[in-house]
Amino acid sequence: MKIALMDSGIGLLAAAAALRTLRPDADLVLSSDPASMPWGPRTPEEVTALALGCARAVAAHRPDVLVVACNTASVHALAALRAELEPGLPVVGTVPAIKPAAALGGPVAIWATPATTGSAYQRNLIRDFAGAAAVTEVACPGLADAIEHGDDVAITSAIAAAAERTPAGTAAVVLGCTHYELVADRIRDAVAPTAAPGLTLHGSAEPVAAQALRRVADPTRQGAGTLTVLHAGAPAVLPAAALGYPRALLLGSLTV
């Protein structure tokens, strides 16, 4: 079994680690374009072009399924990716975990990039899945970029600023950018002092990984547990900043 994941940068690590946990034998191919980061401020047309570039590069490796492990790409490029690649290559997008967060009944905060925050896509998800829960959209400028580069000072500053804009009494925080899952514990610590007791965080990595495995035509086919990394289509290695996040350590040795 071979599973491909694409993202602007290292945000795909969370879903890749979840897949490695569920299927240690799966061959993983990670396709990103970190030189083009961040994608959030780019136009939908630019995001679509960049996402198609990453997807075409990884499609050449003949995976069984492609995970779009990026909220921004899922917002702007999912339809174009599916139009080009399916049905030959199933494409799984990333959707913020609004429904399970809202199901708990308490106030919900959705942390996301400025481009996703307030977008028609996210507003429609809130309308369709939040029910009666009170929802606050919290833009987190600079957080994904800081995580990508392992800039600890910038991460702390961006999280603190977003926590200040998160209403007191929030019961659940939806991590609406895959990069944020890499610092989930730090986000929890920043929000917890003013949050409701039992604060929960909701990422997308595990549900997306499970959905990807459901889309594989032959789930019994075994892989060798290899890891391949592509940057703008060229063979690469995980950036040094990625190795500072525990989930990267679950992925195994690189195959070039």
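Residues numbered from 1 in each chain as written. Predicted model: local features only at pLDDT ≥ 70, side-chain atom pairs only at ≥ 80, totals over all residues. Heavy atoms only, no water.

(A) Representation of the overall build of the protein chain. A count of helices and strands for the protein chain gives nine helices and 10 strands. Compactness check: the protein chain gives a C-alpha radius of gyration of 17 Å against a globular reference of 18 Å for 256 residues, within 12% of the reference. Considering only C-alpha atoms, the protein chain reaches an extent of 45 × 35 × 35 Å along its principal axes. Classification of the 256 residues of the protein chain by burial places 53% in the buried group. Counted over contacts in the protein chain with a minimum sequence separation of 6, partners at least 24 positions apart contribute 79%. Once the 17 positive and 21 negative side-chain charges of the protein chain are each reduced to a mean point, those two points are 6 Å apart. (Helix = DSSP H or I, 4+ residues; strand = E, 2+ residues; numbered from the N terminus. Rg over C-alpha atoms; globule rule 2.2 N^0.38 Å. Buried < 20%, exposed > 50% of the residue type's maximum accessible area, 1.4 Å probe, protein only. Contact = heavy atoms within 4.5 Å. Lys, Arg positive; Asp, Glu negative; His and termini not counted. Charge placed at Lys NZ, Arg CZ, Asp CG, Glu CD.)

(B) View of the pairing of strand 6 (residues 135-139). One ladder, built from five bridges, connects strand 5 (residues 108-112) with strand 6; its direction is parallel. By the bridge assignment, Trp111 is partnered in strand 6 with Val138. The handedness of the strand 5 to strand 6 crossover, carried by helix 5 (residues 120-129), is right-handed. (Pairing = 2+ DSSP bridges. Right-handed = clockwise from strand over helix to strand, strands pointing away.)

(C) Focus on helix 2 (residues 44-59). Over its 16 residues, helix 2 runs 22 Å from end to end, which matches the ideal 22 Å to within 8%, given 1.5 Å per residue. Of the surrounding elements, those touching the buried residues of helix 2 are strand 1 (2-7), strand 2 (27-32), strand 3 (65-68), helix 3 (71-85) and strand 9 (227-231). (Expected span 1.5 Å × (residues − 1).)

(D) Representation of empty space enclosed by the protein within the structure. Under the definition given, this model contains one cavity of 30 Å³ or more. What lines the largest cavity is simply Gly9, Ile10, Leu12, Leu30, Ser31, Ser32, Pro34, Glu148, Val229, His231, Leu238 and Pro239. Take the lining of the largest cavity: its biggest share by element is three residues, from strand 2. Of the residues that constitute the lining of the largest cavity, the class distribution is seven nonpolar, four polar and one charged. (1 Å grid on protein atoms, 1.4 Å probe; cavity = no way out; pocket = protein on both sides within 12 Å on 5 of 7 lines; lining within 4 Å. Points joined across faces, edges and corners; volume = space filled by probe spheres on them. Nonpolar A, V, L, I, M, F, W, Y, C, P; charged D, E, K, R; others polar.)

(E) Representation of the sheet that holds strand 8 (residues 200-202). Here four strands make up an open sheet; going across it, the order is 6-5-7-8 and the pairing parallel. The sheet terminates laterally at strand 6 and strand 8, the two strands that pair on one side only. Shown here is a sheet whose adjacent strand axes are inclined to one another by a mean of 20 degrees, direction ignored. As paired elements, strand 7 (residues 172-175) and strand 8 share three bridges and run parallel to each other. Of the residues in strand 8, the one forming a bridge with Val174 is His202. (Axes fitted to C-alpha atoms, helices over the stretch in contact; angles between N-to-C directions.)

(F) Region of the structure containing the nonpolar core. Among the nonpolar cores identified, the biggest contains 58 residues, and Ile3, Leu5, Leu28, Leu30, Trp111 and Tyr180 are the most heavily contacted of them. For this core, the element with the highest residue contribution is helix 1 (residues 13-22), accounting for seven residues. Setting aside its immediate chain neighbours within four residues, Tyr180 contacts Trp111, Ala112, Thr113, Cys140, Leu143, Ala144, Ile147, Leu175 and Ile187. If you look at the next biggest cluster of nonpolar residues, it comprises 23 residues, including Met6, Val58, Ala73 and Leu89. (Core = buried A, V, L, I, M, F, W, Y, C linked by side-chain atoms within 4.5 Å.)

(G) Examining unusual backbone geometry more closely. With an omega dihedral of -5 degrees, the bond running from Met37 to Pro38 counts as a cis peptide bond. With respect to the helices and strands, Pro38 occurs in the loop between strand 2 and helix 2. For the bond running from Glu86 to Pro87, omega is 5 degrees, close enough to zero to count as cis. With respect to the helices and strands, Pro87 occurs in the loop between helix 3 and strand 4 (91-92).

(H) Broad picture of the layout of surface pockets. If you add up the space inside the largest pocket, you get close to 280 Å³. Together, 16 residues line the largest pocket, and Val95, Pro96, Ala97, Pro207 and Val208 are the ones closest to its centre. Of all the elements in the fold, those that place two or more residues in the lining of the largest pocket are helix 4 (98-102) and helix 9 (205-215). Here the lining of the largest pocket takes four residues from helix 9, the largest share from any one element. Partitioned by chemical class, the residues of the lining of the largest pocket number nine nonpolar, four polar and three charged. Here the second largest pocket is characterised by a volume of approximately 240 Å³. Lining the second largest pocket are 24 residues; nearest its centre among them are Pro38, Trp39, Gly40, Thr113 and Ala144. Going through the elements one at a time, helix 3 and helix 6 (143-148) are the ones with two or more residues in the lining of the second largest pocket.

Everything listed is a geometric property; what it means functionally is a separate question.
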